[in-house]
Amino acid sequence: MDPIESINTKKDSSFAMMLEAQRRGWAIYYMKQSDLFLQNGNAMASMAKLKVIDDTRNWFNIINNSIMPLKELDVVLMRKNPPFDMEYIYTTYLLEYAEQQGALVINKPQSLRDANEKIFTACFTQCTPPTLVTSKAVHIKEFLEQHGDIILKPPDGMGGKSIFRVRKNDPNINVIIETLTGNGSQYAISQQYIPEITQGDKRILLVNGEPVPYALARIPSKGETRGNLAVGGTGKGVELTQRDLWICNQVAPVLREKGLVFVGIDVIGDFMTEINVTSPTCIRELDAIYSLNISGILMDYIDDKLNEVK
């Protein structure tokens, strides 16, 4: 995961998972991406055994530090936030060795590489708004001319970073495209703008393809297009609609097939816009609103998987 000393414990889903694991008497070992290494084909890590405390001022204590093979752990949760860069890809290679050597890795390392959070939605065009992935300005301009009002974003970001709303005759269209595509050297994603964003960008969490029955609708602040909490959006709990459940049913079989156990999909209006597989969040918010224990559902799944191989 990311550095534990810098997390916001009120919002951090990895922290919620650690609290639940600890409640079950499971030992918790913490690693940053840079702590993993490969030695003579063995996936290894420097790791800190932790005690976690649900206290916003002092939320963890290190019990001891050690170096050992990842296969000595029953389960490894990959919870590193984007950006999805080459270091992230290298890390999935190391985790794949750990998986081959006997550790249960969630989510499956190969699928973390395969399922880009923005582009993976192309597997489910029946669920998505019109979408274009290209590095060419001419294609983006044609898409804008066709749809009139679009969203432009990079394929590797998170938290609302570098997301632009562009309408016809926008005087900044050229510089926005140049910035996002690196003057045509990298891909950008265009999606038709969905007006229902004013009602919230819903984060729906799924465990092994089964949706939590409530979502966190992230509602943009006044004058803002993005609902992301990181840029000032407000979270509101909502019950899943029949359309939400239909979308979940469309994606669930593929998630199970790919070993994508803990996933967060983003739904605006009737359309899915992203499938978050790296480090989906919103556990703590939904738990607080609805008295849920989403981490408990995940840990039950992990417990069952581990018992299958015993």
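Basis of the calculations
- Residues numbered from 1 in each chain as written.
- Predicted model: local features only at pLDDT ≥ 70, side-chain atom pairs only at ≥ 80, totals over all residues.
- Heavy atoms only, no water.
- Patch = residues over 30% accessible without salt bridge, like charges linked within 9 Å, V, L, I, M, F, W, Y side chains within 5 Å.
- Areas by Shrake-Rupley, 256 points an atom, 1.4 Å probe, with all protein chains shown as cover.
- Salt bridge = Lys/Arg side-chain N within 4 Å of Asp/Glu carboxyl O.
- Helix = DSSP H or I, 4+ residues; strand = E, 2+ residues; numbered from the N terminus.
- Buried < 20%, exposed > 50% of the residue type's maximum accessible area, 1.4 Å probe, protein only.
- Pairing = 2+ DSSP bridges.
- Axes fitted to C-alpha atoms, helices over the stretch in contact; angles between N-to-C directions.
- Contact = heavy atoms within 4.5 Å.

(A) The arrangement of a nonpolar patch on the surface in detail. Together, Met86, Tyr90 and Tyr93 make up a nonpolar patch on the protein surface, roughly 310 Å² of accessible area in all. Structurally, the position occupied by tyrosine 93 is in helix α2 (residues 86–100). The exposure class of tyrosine 93 is partly exposed, given its relative accessible area of 40%.

(B) Quick peek at the pairing of strand β3 (residues 42–52). Pairing geometry for strand β1 (residues 28–30) and β3, over three bridges, is antiparallel. Each residue of the ladder has a partner; that of tyrosine 30, found in β3, is alanine 48. Sheet analysis places strand β2 (residues 36–39) next to β3, joined by four bridges and oriented antiparallel. By the bridge assignment, leucine 36 is partnered in β3 with alanine 45. In textbook terms, the turn of a hairpin is the stretch between consecutive antiparallel strands, and for β2 and β3 this stretch comprises two residues, one of which, asparagine 40, has a positive phi near 50°. Sheet topology note: the β3/strand β4 (residues 60–69) ladder contains nine bridges and is antiparallel. Across the sheet, the residue bridging to alanine 48 is asparagine 65, located in β4.

(C) Main features of the sheet that holds strand β10 (residues 188–192). The strand order β7-β10-β8-β9 describes an open sheet built from four strands, whose pairing is antiparallel. Single-partner strands in this sheet number two, and they are β7 (131–134) and β9 (164–167). If you compare each strand with its neighbour and ignore which way they point, the axes differ by 25° on average. Together, β7, β8 (149–153), β9 and β10 form the strand contacts of helix α4 (residues 137–147), whose direction differs from that of β8 by roughly 150°. Each of β7, β8, β9 and β10 touches helix α5 (residues 173–181); the most contacted strand, β8, lies at about 30° to it.

Treat this as a map of the structure, not an account of what it does.
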